[in-house]
Amino acid sequence: VQLQASGGGLVQAGGSLRLSCAASGRTFSNYVMGWFRQAPGKEREFVADITWKSGGTFYADSVKGRFTISRDNAKNTVYLQMNSLKPEDTAVYYCAARETTNTRYDYWGQGTQVTISS
């Protein structure tokens, strides 16, 4: 399984970014795809996930209403649309995958830096 995250960058507070996670190596219909982030000096934290087959989503309270996770079946890609960005959203963002029967994420992408200036 390979996960390739992209789309990070530097934007001003209030702006938007869309992250992409291109997945390859197997069929992901029985997987949950997640986004996590890690800010300097902090623990990695969950951001959002999506169940590939059903499209069901779940968000951390800190991003609910501002971020939207989605997937494109044809492109085997998961997106994280981030709006109304805040300086505290600054972090390295990682995509990850786990089988729906697992609670632990087994596959991780390389991370993409998101920096929000105030």
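Presented here is a report on the structure given in the accompanying data block. If you're wondering where the values come from, they're calculated on a predicted model, not measured in any experiment.

**A word on the overall build of the protein chain**
Step number 1: Helix and strand content of the protein chain: zero helices and 11 strands.
Step number 2: Along the chain direction, N to C, the helices and strands of the protein chain fall in the order β-β-β-β-β-β-β-β-β-β-β.
Step number 3: A principal-axis box enclosing the C-alpha atoms of the protein chain has dimensions of 40 × 25 × 25 Å.
Step number 4: Put simply, the protein chain has 118 residues, and 41% of those count as buried.
Step number 5: On the protein chain, roughly 6,200 Å² of surface is accessible, and the fraction owed to carbon and sulfur atoms is 45%.
Step number 6: A gap of 4 Å separates the mean positions of the 13 positive and 9 negative side-chain charges of the protein chain.

**Quick word on the state of the cysteines**
Any covalent bond linking the sulfur atoms of two cysteines counts as a disulfide.
Step number 1: Enumeration over the complete set of coordinates arrives at one disulfide.
Step number 2: Cys21 shares a disulfide with Cys95; S-S distance 2.2 Å. Residues Cys21 and Cys95 share a disulfide whose torsion about the S-S bond is about 65°; that sign makes it right-handed. In this pair, Cys21 is assigned in strand E3 (residues 17-24) and Cys95 in strand E9 (residues 91-99), connecting sequence segments 74 residues apart.

Cut-off values and rules
Residues numbered from 1 in each chain as written. Predicted model: local features only at pLDDT ≥ 70, side-chain atom pairs only at ≥ 80, totals over all residues. Heavy atoms only, no water. Helix = DSSP H or I, 4+ residues; strand = E, 2+ residues; numbered from the N terminus. Buried < 20%, exposed > 50% of the residue type's maximum accessible area, 1.4 Å probe, protein only. Areas by Shrake-Rupley, 256 points an atom, 1.4 Å probe, with all protein chains shown as cover. Lys, Arg positive; Asp, Glu negative; His and termini not counted. Charge placed at Lys NZ, Arg CZ, Asp CG, Glu CD. Disulfide = S-S within 2.5 Å.

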